[in-house]
Each structure stands twice: as C-alpha cells, then as structure tokens.
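Take a look at the letters that make up each chain.
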Amino acid sequence: MAFDLSYFVSNKLGMLATSDHASVVSMNLFVALLCGCIVLGHLLEENRWMNESITALIIGLGTGVVILLISGGKSSHLLVFSEDLFFIYLLPPIIFNAGFQVKKKQFFRNFITIILFGAVGTLISFTIISLGAMEFFKKLDIGSLDLGDYLAIGAIFAATDSVCTLQVLNQDETPLLYSLVFGEGVVNDATSVVLFNAIQNFDLTHIDHRIALQFAGNFLYLFFTSTLLGAMTGLLSAYIIKKLYFGRHSTDREVALMMLMAYLSYMLAELFYLSGILTVFFCGIVMSHYTWHNVTESSRVTTKHAFATLSFVAETFIFLYVGMDALDIEKWRFVSDSPGISVAVSSILLGLLMLGRAAFVSPLSFLMNFFKKSQAEKVSLRQQVIIWWAGLMRGAVSMALAYNQFTRSGHTQLRGNAIMITSTISVVLVSTVVFGILTKPLILFLLPQPKHFNSTSTVSSENLGSPKSFTLPLLGNHQDSETDIGNHQDSTDRGLGRPSSLRMLLNAPSHTVHHYWRKFDNAFMRPVFGGRGFVPYVPGSPTEQSTNNLTERT
C-alpha cells in the first residue's frame, strides 16, 4: 500500500514537472517571438505597406502554422486565447497610456464630435450590424442563434481597432484628424463593451419602451460614473504624492505608486461593474495633468518611458497572440465540411461593418461641420474617408467579446458558435492585414502634405528625443514647454477678450470653457492637487537646478 502511494505521488509530481517545463518552453518561445517582432518592426520602419501590428500578426500566423505542422494538426498555439488575460492584464496599460499621452486641449476641443462618433456612431453601427445579421444569417444553415446572440454580434463587430491608422497619422501635423480617430477609438471600445455587458444582463424576451429607457439610462450611468471614478483616482494619486512627496527619499516609490494607482482605477471599475476602459483612460488624463508634475524630474522621464513601453509591449503581445490563435484547429474542424458558409458569414459581416461605418461618419460629420465656423475645425471629405477607413479594422476587443459570447473557457462544441468564432477570426485577419497594409498608401494619397510618419503607437522618437517632451506631455498645439505657457495664455486673452457674456460663449465656446476652466484650475485645483507650477525641491538634484533656472528667467 505504501509502495502504491509513493508511486502515485511520484508519478503525479513527474507529470506536474513535465507540465511546468512545457509552460516554461512556451513562454520562452513567446518572449523570443516578441523580441523578433520588435526587431523586424524596426527593420520595416520605413516600409510603405507594413507596420508593427501587421508584422506581429503575420509572425503569429506563421508560428501557428509551424506549431500545427510539428504537432501533426493537433494544436496551433503556445497559449490559449483568454478574454480575462486580455481585459485584465493587456488592455489597461494600452488605454492608460493613450490617456496619458493625448494632447488634452485638442481632445477636449473636439470632445462633442468624439462622443458623437464614439457613442452615437457605435450605436448606429451596432443597430445596422445586428439587424443585418438577423436578416441574412437566418437564411444560412449556421445553427440556432437567438436574439441575444444577434445583438451580441452587433456589439462585437461595432468595436473598432484604429491602431494601424494611428501608427501612420502624426499628432502634430494632423491634430484634428488624429484627435478624432484616437478619441473615437477609445469611446468606441468602451461603448461596445458596455453594450455587450448590457445585452448579457438584460432580459431580452420581453422588449418594450421601458427596457429601452432603462438600457439608455444604464449606459449614461456607466459613462459618467466610470469617468468620475477615473478622475477621482487620478486626483487621489496627485494629492498623496504632493503631500507625502516620496521623491525626497526614493523616486522608486513615487513611480511605483503612479503605476499601481493607474491599475487600481481599472480594477475598481471592474469591481463595481463599471467601464474599466473609460475609467483608466480619464485616470491617465488626470494623472498627466496633476500627478506627473508632482514627481521629481527623473521620475517624469521614467514614467513617460515606462507607460509607453508597457503599452507598446502589450499591443505587440495582443497581435502576436491573435495571430497564433487564429489557426485554432478545434474551431476550424466544425466548418471544414462547409467552408462556403464560413466564407459567406465572414463576407456578410465585412459588408455590414463597412455599411454601418458609412451610415454615421458622413451624416455626423456634416452635422458637426454645420455648427463649426472655422474652416480649420471642419472635417473635410478626405478626412471623412480616413475616419471611415480607420474604423473598418477589427482587433482583440472583438476577439475577446466573441470568445466570451460563443465559447466556454475557450472551447465550444456547437457548430453555430464555432462558425461565429472562425468568422470573427477571419474578419479580424482580413481587416487588419488587408486594410492595414493599404492604410499608409491611402493616407499618403489623401493627405500628401505630411513629411514623416510616426510608426509607433505610443511615443514618437522625435518627441522622446526632445527635452520639451519631458516637461509637459499633454499641452495643446502651441504650448510646448512651461516657459511659453504664460505667453500663450496672454495671447489667448488678448485675441479673445474676456468671455464675460453669453454672446462670447456662443461665438467661441471652446475658448470660453477653456478660459473658465483655467481660472478654476489655478484658483482651486492646483493649490490642493499640485500640477504644473508645483516643482518638487530636492537639494542638489536636477530638479533644483531646473527650478533655479526658471527663477532666474523670471
């Protein structure tokens, strides 16, 4: 008996050791592939057709083919796609860095247009895709899909991925276009996820006007509470660092606190069933406005690089991950006997997302142009084409939502669910690779004036090499450093005058709101939470020297 027990324990330990070793081998290969993606992306920096996201996706596909051949057709990936891994670990650093790096002035100047495109436009696209899928899929033999599945399909394919376009657009040369594409992408992802969660939580068997009103109220509640939670978390981090000032003893602590508070905002949103995407995005904006200025100069450099690097690695990881999982043999076996149906479903979905995109870009652009008096603030026809094109690509958000809806722990035995998973994979691959390859030539054709392009989705090399980039990351177009803030504000006041009347508010609403926000920020917010103007003092440090230089100038 004792011999049998010892044999059983040793056998189990041996199996566990083998499993652990296999995991180590998989992680080694995956990290090596990530390094290869970075090196190859650098070599293809100036390529007219390729960018890093497409490179990572193609490398993932190639690796999946090799693993499929080696395993004899049993497996194609090192890691199984998990929506939990995506939403909890990979997405937060990408969205936070987006908020941390964005130019606030340009973003909030176009905030209404961004909300229209990101929220209203997503609802229009969701409606068209859901109704179209319901109409066409019932004519195809793809298995039983209920109303909840059709609505989920609308939410899944309403989620865009504008990474390829943002890698080509330059934030300084096309600020309006970049702001609209970037802002819409963030709001679109948040709206799609909120829609998807609402569909799963609501009883769809009895739909009436009360359900529709409750759905709209729930969406507005999630939007505003998520935004408020992100702002409060960012303000709390600013207050703690300002009052305790960790840089006096250790810059590591203030850097660690910034990173942990940023991640805490996302996890708190998930804890309270809010939108983590919106929460961490606005936390990044608030942290860049207050917290980032409260830390030492060395910590500013460190955090700017650290957040950009984490976002870059997460993006590369996601595209590599999606590429390898695209050849999951378990799902493709279900459609091997009817490839025509799978192709038809994928083609219908591609057509519907193109139609859904076109249904709101031009009408909403026309609506916003009608209220814009300055020609520079209007969205031209060429820019509308680029905005439409940027929203055609689908990525990991669509994949994660599809796996959540149509699989259980990454597996499914239902033919209809398997067809939807393989169709989602096909749409993601075609839209990312084909549309992504054509993005740079299209933008060069429509906007020939830019002289160079930023092929990195986080921080451009030009900005990182500039000393001004470590002074203020989130100023407007004409604010490049702290030394010209006062001049900019004076010139703004002289050119606009004091917006003391309703007429001035109607004539120049963005300038008026900005003027009053500046007054409120300087009088109430910065004395409490710090920000620009609060320079930590450490004797003998570079911060002290920069403070002395600033004092001598004034």
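The numbers attached to residues start from 1 for each chain and follow its sequence in the written order. The predicted nature of this model means local features are confined to residues of pLDDT at least 70 and side-chain atom pairs, given and counted, to a pLDDT of 80 or more, with totals for whole chains, interfaces and linings taken over all residues. Only hydrogens and water are set aside when side-chain values are computed; all heavy atoms of the structure are taken into account.

Along the backbone of the protein there are 22 helices and 0 strands. Exposure classes here rest on a 1.4 Å probe applied to the protein chains alone. A residue is buried below 20% of its type maximum, exposed above 50%, and partly exposed in between. Sorting the 554 residues of the protein into buried and exposed places 52% on the buried side. The long-range fraction of contacts in the protein, counting pairs at least 24 apart against all pairs at least 6 apart in sequence, stands at 82%. Only the protein chains shown count as covering a residue, and every accessible area follows the Shrake-Rupley method with a 1.4 Å probe. Total accessible area on the protein is roughly 25700 Å²; 66% of this is exposed by carbon and sulfur atoms. Every helix listed is a DSSP run of H or I at least four residues long, and every strand listed is a run of E at least two residues long, numbered separately from the N terminus. We call two residues in contact whenever any of their non-hydrogen atoms come within 4.5 Å of each other.

Bringing the packing of aromatic side chains into the picture now. Here is the rule: rings of Phe, Tyr and Trp (six-membered ring for Trp) pair when centre to centre is within 6.5 Å. Planes less than 30 degrees apart are stacked, more than 60 are edge-to-face, and the remainder are tilted. What the rule picks out here adds up to 23 aromatic pairs. Ring plane angle 65° and centroid distance 5.9 Å describe the contact between Phe107 and Phe111, whose orientation is recorded as edge-to-face. For Phe107, a relative accessible area of 1% puts it in the buried group. A centroid spacing of 5.1 Å and a plane angle of 55° characterise the contact between Trp389 and Phe435, whose relative ring orientation is tilted. With Trp389 in helix 15 (residues 381-390) and Phe435 in helix 17 (residues 415-446), the pair connects residues that are 46 residues apart, well separated along the chain. Every member of this aromatic cluster is reached through a ring pair, and the members are Phe107, Phe108, Phe111, Tyr178, Phe182, Phe281 and Phe282.

Comment: axis = line fitted to C-alpha atoms, over the contacting stretch for helices; angle = value between 0 and 180 degrees taken between N-to-C directions. Following both chains from N to C, one finds helix 9 (residues 209-244) and helix 10 (residues 251-271) inclined at 160°, their axes separated by 10 Å at the closest point. Classified by the interaxial angle, the pair formed by helix 9 and helix 10 is roughly antiparallel. The chirality of how helix 9 crosses helix 10 is right-handed. Contacts between helix 9 and helix 10 involve Leu229, Thr233, Leu236, Ser237, Ile240 and Ile241 on the former and, on the latter, Glu254, Leu257, Met258, Met261, Ser265, Leu268 and Ala269. Note on residue classes: Ala, Val, Leu, Ile, Met, Phe, Trp, Tyr, Cys and Pro are nonpolar, Asp, Glu, Lys and Arg are charged, and everything else, Gly too, is polar. When its residues are assigned to classes, the contact of helix 9 with helix 10 shows 9 nonpolar, 3 polar and 1 charged. Roughly parallel here means an angle under 35 degrees, roughly antiparallel means over 145, roughly perpendicular means 65 to 115, and every remaining angle is called oblique. What makes a crossing left-handed is the near helix being turned counterclockwise from the far one by less than a right angle; a clockwise turn instead makes it right-handed.

Here the focus is the packing of helix 2 (residues 52-70) against helix 12 (residues 297-325). At their nearest, the axes of helix 2 and helix 12 sit 7 Å apart, and the two run at 40° to each other. The pairing of helix 2 with helix 12 is recorded here as oblique in orientation. Crossing geometry of helix 2 relative to helix 12 is assigned as right-handed. Residues Glu52, Ser53, Ala56, Leu57, Ile59, Gly60, Leu61, Thr63 and Ile67 of helix 2 lie in contact with helix 12, whose contacting residues are Phe312, Thr316, Phe319, Leu320, Val322, Gly323 and Met324. Residue composition of the contact of helix 2 with helix 12, by class: 10 nonpolar, 5 polar and 1 charged.

Moving on, we come to helix 12. When the terminal C-alpha atoms of helix 12 are compared, their 42 Å separation across 29 residues agrees well with the 42 Å that a helix rising 1.5 Å per residue should span. Along helix 12, 21 of the 29 residues are buried, which leaves the element largely enclosed by surrounding structure. In this scheme, a helix's expected span is set at 1.5 Å multiplied by one less than its residue total.

Attention now goes to the pattern of salt bridges. Throughout this description, the term salt bridge denotes a Lys or Arg side-chain nitrogen within 4 Å of a carboxyl oxygen of Asp or Glu. This model, assessed by the stated rule, comprises 3 salt bridges. Taking the shortest distance from any N to any O, the salt bridge between Arg357 and Glu184 comes out at 2.5 Å. Here Glu184 lies in helix 8 (residues 175-201) and Arg357 lies in helix 14 (residues 339-371), a separation of 173 residues in the sequence. Residue Arg357 shares its accessibility class with Glu184, and that shared class is buried. The shortest N-O distance in the salt bridge between Arg526 and Asp521 comes to 3.1 Å.

The next point concerns the nonpolar core. Counting residues in each nonpolar core, the largest one holds 125 residues, and the members touching the most others are Phe86, Phe137, Ile153, Phe182 and Phe281. In this view, Phe86 contacts Leu91, Pro92, Ile318, Ala396, Val397 and Ala400; residues no more than four positions away in its chain are not counted. In this description, a nonpolar core means a group of buried Ala, Val, Leu, Ile, Met, Phe, Trp, Tyr and Cys residues linked to one another through side-chain atoms lying within 4.5 Å. Within the second largest apolar cluster, 6 residues are counted, among which are Leu235, Val286, Tyr290 and Met525.

A few words now on the environment of Phe111. By secondary structure assignment, the location of Phe111 is in helix 5 (residues 111-137). For the pair Phe111 and Leu180, spaced 69 residues apart in sequence, the C-alpha separation works out to 8.6 Å.

So, on to the state of the cysteines. Here a disulfide denotes a covalent bond joining the sulfur atom of one cysteine to the sulfur atom of another. Criterion for a disulfide: a pair of cysteine sulfur atoms within 2.5 Å. What the rule picks out here adds up to 0 disulfides. Of all cysteine sulfurs, the one in Cys37 lies closest to Cys35, which takes part in no disulfide; the gap is 9.2 Å.

So, about the confidence of the model for the protein. The predictor reports its confidence for every residue as pLDDT, a score running from 0 up to 100. The predicted model of the protein has a mean per-residue pLDDT of 78, with 77% of residues at 70 or higher. Taken together, the stretch residues 450-499 has pLDDT below 50 and engages in 104 contacts with residues farther than four places along the chain or on a different chain. For the stretch residues 539-554, pLDDT sits under 50, and the model shows 13 contacts to residues farther than four places along the chain or on other chains.

Moving on to the side chain of Ser423. Relative to the elements of secondary structure, Ser423 occurs in helix 17. Residue Ser423 is classed as buried on the basis of its relative accessible area, which comes to 0%. Identification of polar contacts relies on pairs of N or O atoms within 3.5 Å, with a donor-acceptor requirement for protein atoms, meaning one able to donate a hydrogen and the other able to accept it, and with residues adjacent in sequence counted only if both atoms are side-chain atoms. Polar contacts involving the side chain of Ser423 include one to the main-chain carbonyl oxygen of Ile419, which spans 2.7 Å. Excluding residues that lie within four positions of it along the chain, Ser423 makes contacts with Ser342, Val345, Ser346 and Leu349.

For the rest of this paragraph, the subject is the environment of Met134. Turning to its location among the elements, Met134 is positioned in helix 5. Between the alpha carbons of Met134 and Ile153 there is a distance of 9.5 Å; along the sequence they are 19 residues apart. In this structure Met134 touches Leu147 and Tyr150, once residues within four positions along its chain are discounted.

Moving on, we come to a nonpolar patch on the surface. Taken together, the side chains of Trp49, Val430, Val434 and Leu438 define a hydrophobic patch exposed on the protein surface, amounting to about 310 Å² of accessible area. Structurally, the position occupied by Leu438 is in helix 17. A patch consists of residues whose relative accessible area exceeds 30% and which take part in no salt bridge; residues with like charges are grouped when within 9 Å of each other, and nonpolar side chains (Val, Leu, Ile, Met, Phe, Trp, Tyr) when within 5 Å.

So, about unusual backbone geometry. The residue Tyr245 is not glycine, and still its phi comes out positive at about 45°. By the secondary structure assignment, Tyr245 is in the loop between helix 9 and helix 10. Classification of Tyr245 by relative accessible area gives buried; the value is 8%. One non-glycine residue with positive phi stands out, namely Tyr273, at about 60°. Position of Tyr273 among the secondary structure elements: in the loop between helix 10 and helix 11 (276-294).

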